[in-house]
Amino acid sequence: MPTVSIIEDHPEVSKWIQSQFLNHKNWNVNGCFSSAESAFNGIVNLTMDLIILDVGLPKMSGIDALPKLKTLKPKAKILIYTVFEDEETILKAITQGCHGYWIKDLTRGLKFVDECEQLIEGGASLTPKVARYLMEKISKESVLQTVDLILSKRENEVLNMIAVGFKIADIADELDISSHTIRHTLERIYQKLNVSSKQEAILKGNRLGIIQKPDGF
């Protein structure tokens, strides 16, 4: 059962995040902290698969805390969950090694936890707005260096299978998930790549060098 620790100084937001995981039978909350400094001391003896980290913390910011958190818990994924959506903060978070960057949205509901599960299973996650920023503002070379942040492992897998001619039903059978989930994954791919069709997604994926033949095919 995966565990999550939360570093968030606003009590209402912290309680909301906790409630999402506590209402989900597959997760445990293992530590809530209101500052980076308290988290450094508190997480040492805790186990966790995911750390949800705010940027605007008192004293040390979440961005500045990233390197030490990664040193203390190298196996944990770190998700930035913040109101900050300026270019400088996004780039700092990515270069410091976060695994995901989401703009705060307290209307996400249980979808929030489902997407966290995808993050720890697939490597990285960006909200579509942040992903589009990377696509539009960073050079091709830099985008290639952060490709795993633009598309999650599952999204990359689905795009590659679409590129070699798989139908949605075929992908669902191959990956043992529902066709509805595949369609939702495609929608996220379109949003992140800023395209509106399979053909456009494949063209952009080829241009960026992220289309590869799936393993075993």
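See the structure shown above.
Just so we're clear, the structure is a prediction, and the values are computed from it rather than from any experiment. Each chain carries its own residue numbering, running from 1 in the direction its sequence is written. Selection of residues for local features in this predicted model requires a pLDDT of at least 70, selection of side-chain atom pairs for listing and counting requires 80 or more, and totals for whole chains, interfaces and linings are taken over all residues. Water and hydrogen atoms were dropped before computing side-chain values, which therefore reflect all heavy atoms in the structure.

### As for the packing of aromatic side chains
Only centres within 6.5 Å qualify two rings of Phe, Tyr or Trp (six-membered ring in Trp) as a pair; their planes then separate them into stacked at under 30 degrees, edge-to-face at over 60, and tilted for everything else. Using the criterion set out here, one finds five aromatic pairs in the structure. Here tryptophan 102 and phenylalanine 112 contribute two aromatic rings whose centre-to-centre distance is 5.5 Å and whose plane-to-plane angle is 85°, an arrangement assigned as edge-to-face. Highlighted residues: tryptophan 102 in strand β5 (residues 100-103) and phenylalanine 112 in helix α5 (residues 111-122), separated in sequence by ten residues. Pair check on accessibility: tryptophan 102 and phenylalanine 112 agree, each one buried. A connected cluster of aromatic rings, assembled from ring pairs, spans Trp16, Phe21, Trp27, Tyr81, Trp102 and Phe112. Labels follow the DSSP assignment, with helices taken as runs of H or I lasting at least four residues and strands as runs of E lasting at least two, numbered in each case from the N terminus. A simple rule labels every residue: compare its accessible area, found with a 1.4 Å probe on the protein chains alone, to the largest value its type can have, and call it buried under 20%, exposed over 50%, or partly exposed in between.

### Looking at the packing of helix α9 (residues 153-163) against helix α11 (residues 179-193)
Running from amino to carboxyl end, α9 crosses α11 at an angle of 95°, the nearest separation of the two axes being 10 Å. On the basis of their axis angle, the class for α9 and α11 is roughly perpendicular. The residues of α11 that touch α9, namely those facing Glu155, Val158, Leu159 and Ile162, are Ile182, Thr185, Leu186, Arg188, Ile189, Lys192 and Leu193. When grouped by side-chain class, the residues that make up the contact of α9 with α11 number seven nonpolar, one polar and three charged. Every axis corresponds to a line fitted to the C-alpha atoms, with the helix fit spanning only the stretch in contact, and the corresponding angles, defined between N-to-C directions, vary from 0 to 180 degrees. Oblique is the label for any angle not under 35 degrees, not over 145, and not in the 65 to 115 range, which are roughly parallel, roughly antiparallel and roughly perpendicular in turn. Contacts were defined at the residue level, with two residues in contact if any of their heavy atoms lie within 4.5 Å. Residue polarity follows a fixed list, in which Ala, Val, Leu, Ile, Met, Phe, Trp, Tyr, Cys and Pro are nonpolar, Asp, Glu, Lys and Arg are charged, and the others, Gly among them, are polar.

### Concerning a negative patch on the surface
Taken together, Asp170, Asp173, Glu174 and Asp176 make up a surface patch of like negative charges. Residue placement: aspartate 176 occurs in the loop between α10 (168-175) and α11. On the basis of relative accessible area, aspartate 176 is assigned to the exposed category, the value being 70%. Patch building starts from residues that exceed 30% relative accessible area and form no salt bridge, then joins like charges within 9 Å and nonpolar side chains (Val, Leu, Ile, Met, Phe, Trp, Tyr) within 5 Å. Values of accessible area rely on a 1.4 Å probe in the Shrake-Rupley scheme; residue burial ignores everything except the protein chains shown. Criterion for a salt bridge: a side-chain nitrogen of Lys or Arg within 4 Å of a carboxyl oxygen of Asp or Glu. Charged residues are defined narrowly, with Lys and Arg counted positive, Asp and Glu counted negative, and His plus the chain ends left uncounted. The location of each charge is read from NZ of Lys, CZ of Arg, CG of Asp or CD of Glu.

### What to know about the nonpolar core
Among the nonpolar cores identified, the biggest contains 27 residues, and Ile7, Leu53, Leu69, Ile80 and Tyr101 are the most heavily contacted of them. At the level of elements, α2 (36-42), β3 (50-53), α3 (62-72), β4 (77-82), α4 (87-95), β5 and α6 (128-137) are the ones that each hand at least two residues to this core. Here this core gets four residues from one element, more than from any other, and that element is α3. Every residue in contact with isoleucine 80, bar those within four places of it in the chain, is listed here: Leu53, Val55, Ile63, Leu66, Ala93, Cys98, Gly100, Tyr101 and Trp102. The criterion is simple. A nonpolar core is a set of buried Ala, Val, Leu, Ile, Met, Phe, Trp, Tyr and Cys residues joined through side-chain atoms within 4.5 Å.

### Let's talk about the sheet that holds strand β1 (residues 3-7)
Strands sit in the order β2-β1-β3-β4-β5-β6 across an open sheet of six strands; the sheet is parallel. Where the open sheet ends on each side, the last strands, each with one partner, are β2 (28-33) and β6 (125-126). Between any two strands, pairing holds if DSSP finds at least two bridges. Two elements, β3 and β4, share four bridges in a ladder whose sense is parallel. In the sheet register, leucine 50 faces β4, and the bridge partner there is lysine 77.

### Structural notes on the side chain of threonine 82
With respect to the secondary-structure elements, threonine 82 resides in strand β4. Judged by its relative accessible area of 0%, threonine 82 is buried. The definition of a polar contact used here is a pair of N or O atoms within 3.5 Å, where within protein one atom must be able to donate a hydrogen and the other to accept one, and adjacent residues in sequence count solely through side-chain atom pairs. Within the structure, the side chain of threonine 82 is placed 3.1 Å from the backbone nitrogen of phenylalanine 84, a separation counted as a polar contact. Filtering out sequence-adjacent residues up to four positions away, threonine 82 remains in contact with Asp54, Val55, Tyr101, Trp102, Ile103 and Lys104.

### A look at helix α12 (residues 198-208)
If you check which residues of α12 are buried, you get Ala201, Ile202, Lys204, Gly205 and Leu208. End-on view of α12: buried residues confined to an arc of 170°, all on one side of the axis. Along α12, exposed side chains directed more than 90 degrees from the buried face belong to Gln199 and Leu203. In the stretch just after α12, glycine 209 is the one whose phi turns positive, near 80°. Think of it as the arc spanned by the lines of direction from the helix axis to the C-beta atoms.

### Here's the deal with the pattern of salt bridges
Taken as a whole and assessed by the stated rule, the structure comprises seven salt bridges. A salt bridge links lysine 104 to glutamate 8, with the nearest nitrogen and oxygen atoms 2.8 Å apart. With lysine 104 in the loop between β5 and α5 and glutamate 8 in the loop between β1 and α1 (11-22), this pair connects stretches of sequence that are 96 residues apart. Note on accessibility: lysine 104 and glutamate 8 belong to one class, buried. Through salt bridges with shared partners, a single network forms among Glu115, Glu155, Arg188 and Lys192.

### Considerations on the side chain of glutamate 8
According to the relative accessible area criterion, glutamate 8 is buried, its value standing at 4%. A polar contact is formed between the side chain of glutamate 8 and the side chain of lysine 104, at a distance of 2.8 Å. Not counting residues within four places of it along the chain, the set of residues in contact with glutamate 8 comprises Val13, Ser14, Phe33, Ser34, Asp54, Leu57 and Lys104.

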